[in-house]
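Take a look at the letters that make up each chain.
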Amino acid sequence: MYTEIVMDHFMNPRNVGEIENADGIGEVGNVKCGDIMRIYIKVEDEKIIDIKFKTFGCGSAIAASSVATEIIMGLSIEEALKVTNKQVVDALGGLPPVKIHCSVLAEQALKAAIYDYATKNGKTYAGLEGFDPHDDHDHHDVVEIEF
Amino acid sequence: MYTEIVMDHFMNPRNVGEIENADGIGEVGNVKCGDIMRIYIKVEDEKIIDIKFKTFGCGSAIAASSVATEIIMGLSIEEALKVTNKQVVDALGGLPPVKIHCSVLAEQALKAAIYDYATKNGKTYAGLEGFDPHDDHDHHDVVEIEF
Amino acid sequence: MRKVYLDYSATTPVKEEVVHEMLPYFTEKFGNASSIHGFGQEAKRSLEQARATVAKTMHAAPDTIYFTAGGSESDNWALKGVMSANKSKGNHIITTKIEHHAILHTCEALEKEGAEVTYMEVDEYGLVTPEALEAAMRPNTVLVSIMFINNEIGTMQPIKALSEVAHKHGALFHTDAVQAYGNVDIDVNAYGIDLMSVSSHKIYGPKGVGALYIKKGVRIHNLIEGGAQEKKRRAGTENISGIMGFAKAAELAYANLESHIAHLTKLRDQLLKGILENVDFVKHNGHPTLRHPGNVNVCFEFIEGEALLLSLNAKGIAGSSGSACTSGSLDPSHVLLAIGLPHEIAHGSLRLTIGDFTTEEDVNYTVEALKEVVQKLRMMSPLYDKIRGGQK
Amino acid sequence: MRKVYLDYSATTPVKEEVVHEMLPYFTEKFGNASSIHGFGQEAKRSLEQARATVAKTMHAAPDTIYFTAGGSESDNWALKGVMSANKSKGNHIITTKIEHHAILHTCEALEKEGAEVTYMEVDEYGLVTPEALEAAMRPNTVLVSIMFINNEIGTMQPIKALSEVAHKHGALFHTDAVQAYGNVDIDVNAYGIDLMSVSSHKIYGPKGVGALYIKKGVRIHNLIEGGAQEKKRRAGTENISGIMGFAKAAELAYANLESHIAHLTKLRDQLLKGILENVDFVKHNGHPTLRHPGNVNVCFEFIEGEALLLSLNAKGIAGSSGSACTSGSLDPSHVLLAIGLPHEIAHGSLRLTIGDFTTEEDVNYTVEALKEVVQKLRMMSPLYDKIRGGQK
Ligand SMILES: Cc1ncc(COP(=O)(O)O)c(C=O)c1O
Ligand SMILES: Cc1ncc(COP(=O)(O)O)c(C=O)c1O
């Protein structure tokens, strides 16, 4: 069902936890759908110098969170905003069709964290255009299509 | 499927063959239905002193013919006319439901032979009342019911 | 690594005696039971013995047992066949919200063809009451289909009382007994059952075989048309090896029913006790006493079931979340929602089902493992820290 | 007594390699392929390998293969499923008078629900011509279902030419290839097949398993609803041991197809020659060359088929008369009537089918036995003495 990479990230998730006094916190998903992802970022000089996550969800949701934090760690905000769910899927060596939404969720959680950071610091990023952190049902369309 | 008695009569049929100058010959059934039974009788003093058969048909048709000749051999005509298909079935230790019509056929073939004898000799028997040797489809109703 | 299989409600291993019974039917006694030669008649005799054996385990007559390819086919046949053959009586079916998908999806297919279906609510334990059924009955109700034991939460229904209500209104009563058969002594007549679905692979028999009990006189159309097998009601060359295995499994189940139930009940209670004593924020699902002897269904708050299963699997423990058939689905179990659990709790469900080969060590090992993995997952959960932090 | 099995078209013994392949799936790798734990995933992997194997033997993609419980289910599903899903296109099916009952009785059931069915005539060899099909096509024809090889007389149809006619008129083409699969190299794309039924127990695999090939894009409804197995198209816990056995049998059949055909053809021709040279008043049925490599179908005049079978059986020889499924019936085979045989001749039919385990000695023994029993039965027959006596 899952690749070895997924299982490795699920069993040994990287960057799990919280960041005290984080610069941005994003939370997406909802309990009804069975997955909630929360991402904390620490930003310095427009660079994400630390990132942590907490996830309620299935194996691939946890693995996607973990691998996403690995990808993002150390990127500039502009670069981070260019990370797509496809990169997350690829980094995991693939996900089953019904689980693609987990990668979308990871992308959204990161954007929500940056959005939080941007809002708190009065910044705007082109990569955030059209992004609404409360629109957390988006990923379900993806699922229905992939089924 | 068949009892041992049926198989014995099928494999070693009694009284198979023809009687030259028979006193009565009866043939019932038709090729369309897949079974034809012909019975020859030799009569002396209103007694069936010899009986032989030829049958085109399935295993139980042959066995029924064989056992019927055994039952009838030596009976008086009046007695022979009282022989029923049930006696044939019982003597065979039973027949599968779809094969009951074979026993009916044996009863009819005997009656047809006696009818032939009666016609040739200007005799009438109470046991032949209502019997029509050409009405050889009778047994099919039985089958349909038994199915 | 230790391997602990606690998913006997999903499927069981085939018992050695059962495999042994099947083997000659592959290579020697392989005849087509419809053939009139020796090979065929030998198969036919075995087939009818198997039918008699299975019938006995239900206190039924042999000619009421029709072999099928499993529980799903039996369920489909019962519902579609009865509704199609009784159109003059009506087009209304009553079932429950907690049926297996083999019933629910069949009902949906029937609805598309014009049938009216009432999906009855259940209480917090998953029980249907005779009173509620009484209220749901209509003059055009043809069939009531209520499962004997629920596959997820293990709740057992008051079948006799329910079938009486159905009969009072002139409707037929079908029960999906796939989970009950082999775990309860079922007397079809005493329970007032008109049709009953069972499956071999839940009772240590091979997969791909099952049966539908059809009481004499029940009007039903065929699902699978063709040759004259099964008294012209279910076509297809008889799966003689499978059927022999099924019959052997049924025979063993029936002969050892008491000790089987005792063994399962003991370990089940031990497992539940172990979980409740060692893990907090746990909810036990299903009826406390009217339940499958081997079923433990619990929800662990703040974590999600699949993650739990994978974590247990990494420790060699096989369990399930929701029913096996719906895994991969994103929705939480329809059964858990029907007993009134909120989505977030329903998502954290775990079904562990005990079987004949389960040991006390398996249970202890599982409790220890659960303690650990639940804690690990909770530490990752954004829901759990809210609770701990007194937030929200 | 010598045992000679010449009924391979009714069913085959399971090959040792196949049983060997199946065994671990009963007791060790017994998981439910829908479970996410190790036991389940192991079964799932095997299942998908089996699917790929079976697909390869039809030159098809794995995701076009749906496992079923056998040929009859596949036939029922193909016809009922396609007709139900394509009502907007029409309600007309075309089939032939010589189909297996799994097709014919399904068509009758569909007729009861309003479908129009054309049962095409065949010629004296059992062939359907593309011209006749062309003439039967209507604008509302949804499906053409024509069997690849007839189970009784062994005639093989010009499938490619027939599917082209169906497609020209926008209809789907289904073939019941239960007798052809494993005896002909079938490339579903080259033959233009949209749906194809196959069965495991005709190719030395276990009974109770089969498959339906469904070309991508074909609209079809489910026959068996329930769990999400087989991409939600065929519910029921996967019969993993059966499927593994089926796949192994398919693999062996495909790998050894040439030598299999050569072996069967040689013995078949020898058997037929022996019969024709040793017995008079015999009619050979089916096409002289376009036929199943192992099928000999002959009618012995003046005697009846069941009596012949029983007599042969007493000598240890297993054959069949008509198809296995209809034995016990009083009517002669619908196939023999369709090729124009009069009833009395059709009643005297015998089908002997050669298989991989048949030997030359079996064939010689059978010819000798036939000589004897045909003569014995003819001596009892009131039809034969009319011929001999020059009467009538
Ligand atoms: C041509 C044909 N179609 C369908 C079937 C039915 O297959 P099964 O017995 O696997 O259901 C058979 C064999 O019985 C057959 O020969
Ligand atoms: C209650 C219930 N009904 C029906 C089924 C379906 O049975 P099968 O897998 O034999 O088709 C199952 C098991 O999967 C079940 O638990």
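Structure shown above.
A brief structural summary. (Residues numbered from 1 in each chain as written. Chains lettered and ligands numbered in written order. Predicted model: local features only at pLDDT ≥ 70, side-chain atom pairs only at ≥ 80, totals over all residues. Heavy atoms only, no water.)

Points about the overall build of chain C
Of the regular secondary structure elements, chain C holds 15 helices and twelve strands. Relative to the globule expectation of 21 Å for 392 residues, the C-alpha radius of gyration of chain C, 22 Å, shows essentially globular dimensions. Here the C-alpha coordinates of chain C stretch approximately 75 × 50 × 35 Å along the principal axes. Counting only contacts in chain C whose residues sit at least 6 apart along the sequence, the fraction spanning at least 24 positions is 74%. Carbon and sulfur atoms form 52% of the exposed surface of chain C, whose accessible area is close to 13000 Å². (Helix = DSSP H or I, 4+ residues; strand = E, 2+ residues; numbered from the N terminus. Rg over C-alpha atoms; globule rule 2.2 N^0.38 Å. Contact = heavy atoms within 4.5 Å. Areas by Shrake-Rupley, 256 points an atom, 1.4 Å probe, with all protein chains shown as cover.)

Topic: the overall build of chain A
Across its full length, chain A carries six helices and three strands. Walking chain A from its N terminus toward its C terminus, one meets helices and strands in the order α-β-β-β-α-α-α-α-α. For 147 residues, the compact-globule estimate of 2.2 N^0.38 gives 15 Å, and the C-alpha radius of gyration of chain A, at 14 Å, lies within 12% of that figure. On the principal axes, the C-alpha backbone points of chain A span a range of 40 × 30 × 25 Å.

Details of the site of ligand 1
T237 of chain C together with S72, D176, S199 and K202 of chain D are the nearest of the 15 residues found near ligand 1. Flanking ligand 1 are residues from chains C and D. Here S72 of chain D contributes a side-chain N or O atom positioned 2.6 Å from an oxygen atom of ligand 1. The side chain of S199 of chain D places a nitrogen or oxygen atom 2.6 Å from an oxygen atom of ligand 1. Protein chains shield 97% of the accessible area of ligand 1, which is 390 Å² for the free molecule. In terms of residue count, helix α4 (residues 71-85) of chain D provides more of the shell around ligand 1 than any other element does, three residues in total. Classifying every residue of the shell around ligand 1 gives two nonpolar, ten polar and three charged. (Near = heavy atom within 4 Å. Polar contact = N/O pair within 3.5 Å; in protein donor to acceptor, adjacent residues only side chain to side chain. Nonpolar A, V, L, I, M, F, W, Y, C, P; charged D, E, K, R; others polar.)

Looking at the site of ligand 2
Near ligand 2 you find 15 residues, and of these S72, D176, S199 and K202 of chain C together with T237 of chain D are the closest. With respect to ligand 2, the chains having nearby residues are chains C and D. Take S199 of chain C: an N or O atom from its side chain is 2.6 Å from an oxygen atom of ligand 2. Out of a free accessible area of 390 Å², ligand 2 has 97% covered by protein chains. Here the shell around ligand 2 takes three residues from helix α4 (residues 71-85) of chain C, the largest share from any one element. Classifying every residue of the shell around ligand 2 gives two nonpolar, ten polar and three charged.

As for the sheet that holds strand β2 (residues 65-68) of chain C
All names here are of chain C. Spatially, seven strands are ordered β2-β8-β7-β6-β5-β3-β4 in an open sheet, and the strand pairing comes out mixed. Looking along the sheet, the strands with just one partner apiece sit at the ends: β2 and β4 (116-120). Adjacent strand axes in the sheet meet at a mean angle of 20 degrees, parallel and antiparallel pairs treated alike. As paired elements, strand β5 (residues 141-145) and strand β6 (residues 172-176) share three bridges and run parallel to each other. Counterpart to L143 in the pairing with β6 is L172. Sheet strands touched by helix α5 (residues 101-112): β3 (92-96), β4, β5 and β6. Its angle to β4, the strand with the most contacts, is close to 150 degrees. Of the strands in this sheet, β5 and β6 are in contact with helix α7 (residues 159-168), which crosses β6 at around 150 degrees. (Pairing = 2+ DSSP bridges. Axes fitted to C-alpha atoms, helices over the stretch in contact; angles between N-to-C directions.)

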